[in-house]
Amino acid sequence: MLSSAIPDHLQCPRAQPSRLPHAEFQPPYPAYSIRFPQDISQLVIAIIGAQHKTRSDTATRTSISTLSGFLTAPTATPPSFSEFASATDNKGFHNIAALAYWPSKPAYETWASESGFQTWWRSLQPETLQNGWFLEVLFPTADRFETLFNTESNREGSAHMGQCMSGPIQEHGYWGSMRDRLPLSQTDALAGSKEHIKLPTTSGSSGRVIVPGKKNLAVIRSGQDWSATTPGERKLYLETMHPVLTRGMDFLRDRGEEVGCYSCRFMEIVDAKTGKAAEEEGGGGIDRTFGLAYFDELASLEAWSREHPTHLAIFGGFQKYARTLRNEVTLRVFHEVAVLDEDQQFFEYVGCHDTTGMLARHY
């Protein structure tokens with residue numbers, strides 16, 4: 001018996017059509033969604049990062065130490081889960097960021113106040129900084145958020161706040177299933193806007209800029225974990241799937257405006273002390289990556305997934321990968337998707353270059 005990706009308490013009569021091929025559709029392989037306690041009605045995902053013009057181990061460790069001090073402050077309740085990741089952006093800058101999760105907006109605001117983070121953030125003076133800082137906070141309500149995991153044991157990101165995994169779900173394995181997993185899609189078309197907002201002339205590498213929220217901004221965090229694969233599968237993944245995935249993420253990073261993508265960071269989970277990945281000398285991270293992308297609306301994300309050669313190569317490559325392994329895949333994959341209203345977003349950049357994150361809306 002298949003479960004619905006939408007939990008019972010968020011189900012309602014549909015006013016918008018489902019993309020399900022037919023009522024008896026059986027997915028080609030099992031997948032799962034996280035079940036949150038019903039008292040989690042709005043969760044928080046914060047991306048708090050430092051931007052350096054060149055990579056420096058010393059600067060990376062300093063940035064991590066600064067952020068870790070707030071995330072683990074003894075005077076504040078810590079986030080439910082946090083980790084560090086790094087990426088090279090579309091101007092070649094090195095970005096190191098903490099990703100942190102809270103079960104409610106009040107919990108995040110209390111942490112920001114009690115840890116001293118809020119005071120520190122407001123005190124940053126762009127003209128005195130050696131590097132840029134960015135704060136991107138997402139406040140999705142439960143009806144605007146969905147998750148997908150290929151194993152029942154794969155707890156990533158928001159799943160650390162989950163009560164349990166669902167049973168195998170029906171809404172996956174077909175085009176449009178991502179939309180069908182969003183509870184609000186039962187009654188709302190989730191249309192966004194392709195309009196670009198002109199930001200103040202102070203934007204760029206010398207200022208502090210807040211980017212206003214955008215109607216139905218679509219955000220996806222899509223991750224890969226090959227830390228527990230067999231040696232043979234690890235070799236196959238790194239030689240076949242990983243290069244194809246990297247090309248797709250690079251396209252969204254460098255030319256994303258062609259498909260409605262404002263920003264894409266292909267990030268590597270790094271050690272929370274050294275800032276290094278597993279394969280680097282003196283590393284200690286594990287073999288995990290994820291793409292974090294912001295699209296002008298869900299339809300644009302769907303169109304890239306369904307039609308663009310870079311994603312079709314990823315999709316086709318995975319099918320071949322699975323066939324080669326006779327569907328005995330130990331690679332773990334997941335994603336989180338949020339479609340946010342204007343007041344469920346906060347983007348602020350201090351001393352960052354002008355295509356950082358949502359600053360790319362300033363064309």
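Presented here is an overview of the structure given in this document. (Residues numbered from 1 in each chain as written. Predicted model: local features only at pLDDT ≥ 70, side-chain atom pairs only at ≥ 80, totals over all residues. Heavy atoms only, no water.)

**Notes on the overall build of the chain**
For the chain, the helix and strand inventory stands at 7 helices and 13 strands. Scaling as 2.2 N^0.38, a compact globule of 363 residues should have a C-alpha radius of gyration of about 21 Å, and the chain matches this with 20 Å. Its C-alpha atoms give the chain principal-axis dimensions of roughly 60 × 45 × 40 Å. Burial analysis of the chain (363 residues in total) assigns 53% to the buried set. Surface summary for the chain: the accessible area is close to 15900 Å², and the carbon and sulfur share equals 52%. Averaging the locations of the 34 positively and 42 negatively charged side chains of the chain gives two centres separated by 3 Å. (Helix = DSSP H or I, 4+ residues; strand = E, 2+ residues; numbered from the N terminus. Rg over C-alpha atoms; globule rule 2.2 N^0.38 Å. Buried < 20%, exposed > 50% of the residue type's maximum accessible area, 1.4 Å probe, protein only. Areas by Shrake-Rupley, 256 points an atom, 1.4 Å probe, with all protein chains shown as cover. Lys, Arg positive; Asp, Glu negative; His and termini not counted. Charge placed at Lys NZ, Arg CZ, Asp CG, Glu CD.)

**Quick look at the sheet that holds strand E9 (residues 217-225)**
Strand order in this open sheet of 11 strands is E6-E12-E9-E11-E10-E3-E4-E2-E5-E13-E8, and the pairing throughout is antiparallel. Of all strands in the sheet, those bounded by a partner on one side alone are strand E6 (145-149) and strand E8 (208-211). Strand-to-strand twist of the sheet, defined as the mean angle between neighbouring strand axes without regard to direction, takes the value 20°. In this sheet, strand E13 (residues 345-350) lies alongside E8 in antiparallel orientation, the contact comprising 4 bridges. Note on E13: the bridge partner recorded for arginine 208 is valine 350. Of the strands in this sheet, E9, strand E11 (288-295) and strand E12 (332-340) are in contact with helix H6 (residues 298-307), which crosses E11 at around 130°. (Pairing = 2+ DSSP bridges. Axes fitted to C-alpha atoms, helices over the stretch in contact; angles between N-to-C directions. Contact = heavy atoms within 4.5 Å.)

**Re the pairing of E6**
Buried residues dominate E6, accounting for 5 of its 5 residues. Both faces of E6 are covered, namely the face carrying Phe145, Thr147 and Phe149 and the face carrying Glu146 and Leu148. Pairing of E6 with E12 involves 5 bridges; the strand directions are antiparallel. For phenylalanine 149, the partnering residue across the bridge sits in E12 and is phenylalanine 334.

**Some thoughts on the packing of H6 against helix H7 (residues 309-324)**
Contact geometry of H6 with H7 gives a least axis separation of 5 Å together with a crossing angle of 60°. The angle between the axes of H6 and H7 places the two elements in the oblique class. Note on element contacts: H7 touches H6 through Pro309, Thr310, His311 and Leu312, opposite Trp304, Ser305, Arg306 and Glu307. (Parallel < 35°, antiparallel > 145°, perpendicular 65-115°, else oblique.)

**Topic: the packing of aromatic side chains**
Applying the stated criterion across every chain yields a total of 21 aromatic pairs. Between the aromatic rings of tryptophan 102 and tyrosine 108, the centroid separation amounts to 5.1 Å while the plane-to-plane angle is 70°, which identifies the pairing as edge-to-face. Each of the two residues, tryptophan 102 as well as tyrosine 108, counts as buried. Ring centres of tyrosine 108 and tryptophan 111 lie 6.0 Å apart, and the angle between their planes is 35°; this geometry places the pair in the tilted category. Taken together, the residues tyrosine 108 and tryptophan 111, both in helix H2 (residues 105-114) and 3 residues apart, mark about one turn of the helix. The same class applies to tyrosine 108 as to tryptophan 111, namely buried. When the ring centre of phenylalanine 139 is taken as reference, the NZ or CZ atom of lysine 105 above it lies at 4.9 Å. (Phe/Tyr/Trp six-rings, centres within 6.5 Å; stacked < 30°, edge-to-face > 60°. Lys NZ or Arg CZ within 6 Å of the ring centre and 35° of its normal.)

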